[in-house]
Each structure stands twice: as structure tokens, then as C-alpha cells.
Amino acid sequence: AGLERIRPQIVYENPVARFVSGHTNKFGEFLIQKSHLVAVFLVLLLITMCTGHSVGFHRRLIHRTFKCPRWLERLLVWSGTLVGMHGPFWVIHSHDLRDWAQRQRNCHPFLRHGQGPLKDAWWNLHCRLQLRNSPAFDPGSGIGDDAFYRFLQRTWMLQQFPLALILYAIGDFPWVVWGICVRVTVGVSMHWFVGYICHTHGPQSWVVDEGAIQAHNVPWAAIPSMGESWHNNHHAFPASARHGLYPGQIDIGFAFIKALQRFGLAWDIQTPHNLPTPGLCFSDGRRSEGHLPTTLPKFAIRPGSRDIEHMAPAGDHQNGQQDLRDTFYLSNTVPQNGPWQSTSSVVTRQVFLPAALAS
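Residues numbered from 1 in each chain as written. Predicted model: local features only at pLDDT ≥ 70, side-chain atom pairs only at ≥ 80, totals over all residues. Heavy atoms only, no water.

Colleague: What exactly am I supposed to notice about the overall build of the protein here?
Modeller: Scanning the protein from terminus to terminus reveals 11 helices and 6 strands. Residues classed as buried in the protein amount to 47% of the 359 residues present. Across the protein, the fraction of contacts at a sequence separation of at least 24, relative to all contacts at a separation of at least 6, is 65%. Working note: accessible area of the protein is about 19,500 Å², and carbon and sulfur atoms make up 61% of it. (Helix = DSSP H or I, 4+ residues; strand = E, 2+ residues; numbered from the N terminus. Buried < 20%, exposed > 50% of the residue type's maximum accessible area, 1.4 Å probe, protein only. Contact = heavy atoms within 4.5 Å. Areas by Shrake-Rupley, 256 points an atom, 1.4 Å probe, with all protein chains shown as cover.)

Here it is in C-alpha cells:
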């Protein structure tokens, strides 16, 4: 009689949903209980990836896209060393080798991210490409002969210890684990993943002439990569400090450089508008006075073709615009600040201009 009043019923419970729900709750509880450790991890990760990797290593040391005091440059490069990838000379050499190889028709899959994500991750995170006839490498004056940079290259792993001692003094061993071990693991892995995805997936606004490998823009990765995921823009304008060129393209690294400029700590900041040879020319010889188009049309790369197919949004012709189906060329010669920068690239793109400018 008691069971009849209770009316028991057996209900099926999805084991996957139960597993996900239970572990999600546990993960949430962990974040709440260890929020101070997560904060240490995130703050140090954002600082080193922005000031060090994006600005110090990439936009200053490699591409020389802006000028700053020597002491600040060294501080930014030291921050980049803290990311944990390697020392400054290795980073320059790795970048330049990949950059050169991606302009060759027979680029090795290791250098063009030509395998699936699992194999590419294994290669780039745990292996190195050994060349039979390795080219000579000279970082250039002001870098290769800098005693501090040579010191960082020799002791790049040891640079974690001063920060580890500070973290240990503040929060004991858990702070060291999250501020050093977890941060370096996530930072290095994130660097590989952004590099892989930016060379394999995403929209393209530019095509580098004679480039075997074309980069992609990856909008969702803009914030965690500090703007480095606007990689298609960067391949088109490697000498530009600004990677997010159009409204809505978040570029935290460039915002940091502009903040330095406001305090008088950065100057001669190069963008596509003021590069040494900025002239944007249409295929018939007309010049655009060195300015980027004000609108960013949609483009699609046809599989197996270098051509660009214009995808005009509906209603553009009614808004006074016309599809010129024009191609313009950009001469983007980088100033001779080092032997690794004596390159030029020509990019082509179909543009969408107001009808008033068509004549």
C-alpha cells in the first residue's frame, strides 16, 4: 500500500549528460575556490603574450614596425622570452625561415602547416626541422651584437626563475605552478594553434603575389592572440605595426603600441598608410594616394585557384557603389633595418569603390 501511494517510476538518465553536468559543476567550483590562481595565470599570460610575444618579439624585434627607447625594447623582449618558446635569436630565425619558405613553391609541410592538426602540433611543439644545407643566419646590427640579447638566448629557460621566486614569495608553490608551468604550457600551445589556424582556415582579403602559402584572418582569435590572428593582413603589410586594419578588427597589440606613443615611449609607428613606399595602385596605373579602401568587401578564394571571386552583398549597386573588378598592387618594401627585412611583397585584391571614384 505504501509503494502504491509513492508510485515509484524508473527514469532513463543520459550518462553523457550526467558526466558533463557533474564535471561542469566541479570545474565551476574549482574556479571559484581557486580564482586567485586562475587570475595569476590569466594576468601573466595576457601581459607576456601582448607586451612580449606580440609587441616585443614580433612587431618590434622582427619587423621593426615602430621605434622605442632601448631600455623599453629590452624589457619587451625579456617579456617575450618569458612566454617560454625560446630566446630572441631563435624566434627571429624561426620566423624568418618560415616566412621565406612560405614564398617558395616547394615549401615543406612543417613550415606551411601542411598536415592535420594532430601531426602539425606534434611536429611544431615537439620536433624541429633539420636542414641538410642550413643557410647562414645573422640577426643584424643592434640585435646580434647586443650583449643582453645574447644573454637571453643562452639563458632563456632560466629567465622563468626570477618570476618563479617572486610568485613563491607571494603565494607559495601553487602560484608557481599556475604562474609558470600552466602559463607557459598554454602560451606555447596557443601560439602554435593560432599559427596553424591562421595558415589553414578563415577569410582572406589579400593574396600575396607569388606566395605559395596564403594566410587567413581568424576573427574569433583576435583577443587571445592580441591581434596576431589578422594574419592575412599581416602577410600583406608585414612592416605595419597595425594588424587589425578595419573597424571591428580588434588589435590589442597595436592598442598597446598606441598607448606607449601617448606617453612618448613609441614613435615612427608604421601602418599601411605611412609605409616607406605606400602607394596603392590599380592595375591600369591609377593611384589611390596610399590609402586603404574604406570598406571591407567579402571575398572567397576559389579552390585550386589564385583568383579571387568577389561576393557582392545584396543592394550594393542601389547604394551608389559598383563592382570595378579591379586589381591593385602594393609595393611594400621594408626599410633595411636588418638582413631579414630586405624583402618586398606584392599583394593583389579586388576592390569595391564608391561610384564617384570610378571615373
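Colleague: Explanation requested: the side chain of Thr155 in the structure shown.
Modeller: Along the chain, Thr155 falls in the loop between α8 (147-154) and α9 (160-198). A polar contact of 2.7 Å, which involves the side chain of Thr155, links it to the backbone oxygen of Phe151. (Polar contact = N/O pair within 3.5 Å; in protein donor to acceptor, adjacent residues only side chain to side chain.)

Colleague: Is there a simple way to explain the packing of helix α5 (residues 88-101) against α8 in this structure?
Modeller: For any two helices packed against each other, one specifies the crossing angle of their axes together with the interaxial distance. Relative orientation of the contacting elements α5 and α8 amounts to 85°, with a least axis distance of 7 Å. Considered as vectors, α5 and α8 are oriented roughly perpendicular to each other. Where α5 approaches α8, its residues Pro88, Phe89 and Trp90 are matched on the opposing element by Tyr149, Arg150, Leu152 and Gln153. Split by residue class, the contact of α5 with α8 holds 5 nonpolar, 1 polar and 1 charged. (Axes fitted to C-alpha atoms, helices over the stretch in contact; angles between N-to-C directions. Parallel < 35°, antiparallel > 145°, perpendicular 65-115°, else oblique. Nonpolar A, V, L, I, M, F, W, Y, C, P; charged D, E, K, R; others polar.)

Colleague: I would appreciate a short explanation of unusual backbone geometry in the present structure.
Modeller: Leave glycine aside and you will find that most residues have negative phi; peptide bonds, for their part, are mostly trans. A positive phi angle is found at Asp172, which is not glycine, with a value near 70°. Position of Asp172 relative to the elements: it lies in helix α9. Within the chain, Met226 stands out as a residue other than glycine whose phi angle is a positive 65°. With respect to the helices and strands, the residue Met226 is situated in the loop between β1 (207-208) and α10 (231-236). In this structure Met226 comes out as buried when scored by relative accessible area, which is 3%.

Colleague: Could you clarify how one ought to interpret the environment of Leu97 in this entry?
Modeller: Along the chain, Leu97 turns up in helix α5. Note on Leu97: relative accessible area 18%, which makes it buried. Once residues within four sequence positions are removed from consideration, Leu97 is found in contact with Leu111 and Leu131.

Colleague: Would you explain the packing of aromatic side chains in this entry?
Modeller: Two numbers describe a pair of aromatic rings. These are the distance of the centres and the angle of the planes. With the rule as written, the count across this model stands at 6 aromatic pairs. For the pair Trp192 and Phe193, a centre-to-centre distance of 5.9 Å together with 55° between the ring planes defines the contact as tilted. Taken together, a centroid distance of 6.1 Å and an interplanar angle of 45° make the contact between Phe193 and Trp220 tilted. One end of the pair, Phe193, is in helix α9; the other, Trp220, is in the loop between β1 and α10, with 27 residues separating them in the sequence. Of the aromatic side chains, those joined through ring pairs into one cluster are Trp192, Phe193, Tyr196 and Trp220. (Phe/Tyr/Trp six-rings, centres within 6.5 Å; stacked < 30°, edge-to-face > 60°.)

Colleague: Would you explain the confidence of the model for the protein in this entry?
Modeller: Detailed reading of predicted coordinates is not advised where the pLDDT is low. Looking at the protein as a whole, its pLDDT mean stands at 74, while 67% of the residues score no less than 70. Across the protein, the element-wise mean pLDDT spans from 27 in strand β5 (residues 321-331) up to 97 in helix α11 (residues 252-262). pLDDT under 50 marks residues 277-359. Its contacts with residues more than four places away, or in other chains, come to 190 contacts. (pLDDT = per-residue confidence, 0-100.)

Colleague: How should the packing of helix α7 (residues 117-126) against α9 be read in this particular structure?
Modeller: Relative to each other, α7 and α9 sit at 130°, their axes nearing to 10 Å. Overall, the two elements α7 and α9 adopt an arrangement that is oblique. For the crossing formed where α7 meets α9, the hand is right-handed. Packed against α7, whose contacting residues are Pro117, Asp120, Ala121, Asn124 and Leu125, the element α9 presents Val188, Ser189, Trp192 and Tyr196 at the interface. Tallied by class, the residues present in the contact of α7 with α9 amount to 6 nonpolar, 2 polar and 1 charged. (Left-handed = near helix turned anticlockwise from the far one by under 90°.)

Colleague: How should I be thinking about the pattern of salt bridges in this particular structure?
Modeller: Pairing between side chains of opposite charge can happen when the charged atoms of each approach one another. With the rule as written, the count across this model stands at 8 salt bridges. Note that Glu73 and Arg70 form a salt bridge whose closest N and O atoms lie 3.0 Å from each other. Of this pair, Glu73 and Arg70 both sit in helix α4 (residues 70-82), 3 residues apart, which is roughly one turn of the helix. We note a salt bridge from Asp146 to Arg74, for which the minimum N-O separation is 2.8 Å. One end of the pair, Asp146, is in the loop between α7 and α8; the other, Arg74, is in helix α4, and 72 residues separate them in sequence. (Salt bridge = Lys/Arg side-chain N within 4 Å of Asp/Glu carboxyl O.)

Colleague: Quick question: what am I supposed to make of the nonpolar core here?
Modeller: Nonpolar side chains in soluble globular proteins generally cluster together in the buried interior. Counting residues in each nonpolar core, the largest one holds 25 residues, and the members touching the most others are Met49, Leu163, Leu167 and Ile180. Within the residue set of this core, elements represented by two or more residues are α3 (35-62) and α9. With 11 residues, α9 is the largest single contributor of residues to this core. Beyond its immediate sequence surroundings of up to four residues, Leu167 is in contact with Val40, Leu44, Asp172, Trp175, Val176, Gly179 and Ile180. Among the nonpolar cores identified, the runner-up in size contains 11 residues, and Val55, Cys68, Ile257 and Ile269 belong to it. (Core = buried A, V, L, I, M, F, W, Y, C linked by side-chain atoms within 4.5 Å.)

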